[in-house]
Each structure stands twice: as C-alpha cells, then as structure tokens.
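Observations on the model geometry
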Amino acid sequence: MELVLIRHGESLGNALKGESAVYTGRWDCNLTERGYQQAKSLIGNPILENIDAWYSSNLIRTIETAKTITDRDIIVDKRLQERSLGEFEGLTIESVKKDPRYIKYFTDPEFMQFRNSFTVKAPGGENYGDVCERVRDFLQELVSKDYKKVAIVTHHCVIRCIVKILNNLSEEETLSFKVNNCEPISVQLRDDALH
C-alpha cells in the first residue's frame, strides 16, 4: 500500500517566530492565508491521483488542509494528531522560559531536548517514542484495509514517526528528516515493517 503523507499547510502557530513563537503541539489553530495557498497548490498534483481513502488528524489545521485539497470524505483519526507538548501548548516560548516551574527545560541538559527526544517530554506531554507507539497502532489497523493508495494529512512529528517505522530509521535519522508544509512524501506500507 502506498501512503502519501502530507504535512498541513502553514498554521498560525507555525507563522509565529522567535521568542513570541507559541509551543503549538495540539494547540488547535487555523491555517494562515499562506497555508491555504500551500494546500491549494496540491490540487491536481499527480501524486494524489487514484487515492482510495483520505485520512486526517482531528486538529483544525489538518482538516482545513485536507478539505482544501479534496472534496472526498475524510476519515478523522486522533492517533494522527501532533505530539502533545502538555502544559506548554498555546504558551509563548518567552513566557515558558520565564516561568520558574520550567527552568530545568532550558538549563538542564537532560531536559533541554524535550522538543526532539524519544525519551524526554514536556510536562504532561509526549515524546517521539510515545508518538511512534500510537502511529504504529494506526498503521497496523490500516495495513489490514483493502487500499492501494492512501493520503494522510497530518503533522511534522507524526510524519517523521511513520517514516521511521516504515523505513527502519535510527532515532538520529528520524530527528533530522525534513518535513515541509504541503510537500507530499510517498512511502510504502508493508506488514513486515510493523513487526
């Protein structure tokens, strides 16, 4: 089965930069105008021909992206939502850095990698290992379906985890894998890759 993985268009959370940037995670925000344009640019793309099923995360930015690209029914699955950043979600980087409760996430080398780690996580959040676990569950269910080609509109971390699982990437390779907004990535889903 071919999977066409699509990271949602630019969201309001993606558009904020520097210290005023927001820890997005599952913070539910809309696409920017640029995000809609990125999604529209995929209409008619040959990689999206002959799609048997469209899947999306349950977050607004992915559903808006999918609905912009296709008028087909979209299967919404919570297992495809972005990695949770727990207590940090929706807060600016600046405000979290100033909060004494979170000082170790910016000063302690053991905790500083919480955004890109398979073990460390934001308080109340998930790490890459957690996301890989729920994504593997989704893929195991999907592989049993009678599809030849599936489009999945989801998030940065989720796409990295799908690619890791299906291509047996190391943690380092996974964390350096580039995933741009609305740039489709094609991978093969094989049952043997899930064991």
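Residues numbered from 1 in each chain as written. Predicted model: local features only at pLDDT ≥ 70, side-chain atom pairs only at ≥ 80, totals over all residues. Heavy atoms only, no water.

Description of the pattern of salt bridges
Applied cut-off: Here, a salt bridge means any Lys or Arg side-chain nitrogen found within 4 Å of an Asp or Glu carboxyl oxygen. Numbering goes from the N terminus for both helices and strands, where a helix is a DSSP run of H or I of at least four residues and a strand is a run of E of at least two. The buried label goes to any residue with under 20% of its type's maximum accessible area, the exposed label to any with over 50%, and the partly exposed label to all in between, with areas taken from a 1.4 Å probe on protein chains only.
Counted according to the given criterion, the structure contains ten salt bridges. Across the salt bridge formed by R34 and E10, the nearest N and O atoms sit 3.1 Å from each other. With a gap of 24 residues between them, R34 in helix α2 (residues 33-40) and E10 in the loop between β1 (2-7) and α1 (12-15) connect regions that are remote in the sequence. The shortest N-O distance in the salt bridge between E126 and R26 comes to 2.8 Å. Pair noted here: E126 is in the loop between α5 (104-107) and α6 (128-142) and R26 is in the loop between α1 and α2, with a separation of 100 residues, a long-range link. Looking at E126, the relative accessible area reads 11%, which means it is buried. On the basis of relative accessible area, R26 is assigned to the partly exposed category, the value being 25%. Linked through salt bridges whose partners overlap, the residues forming this network are D77, R79, D137 and E141.

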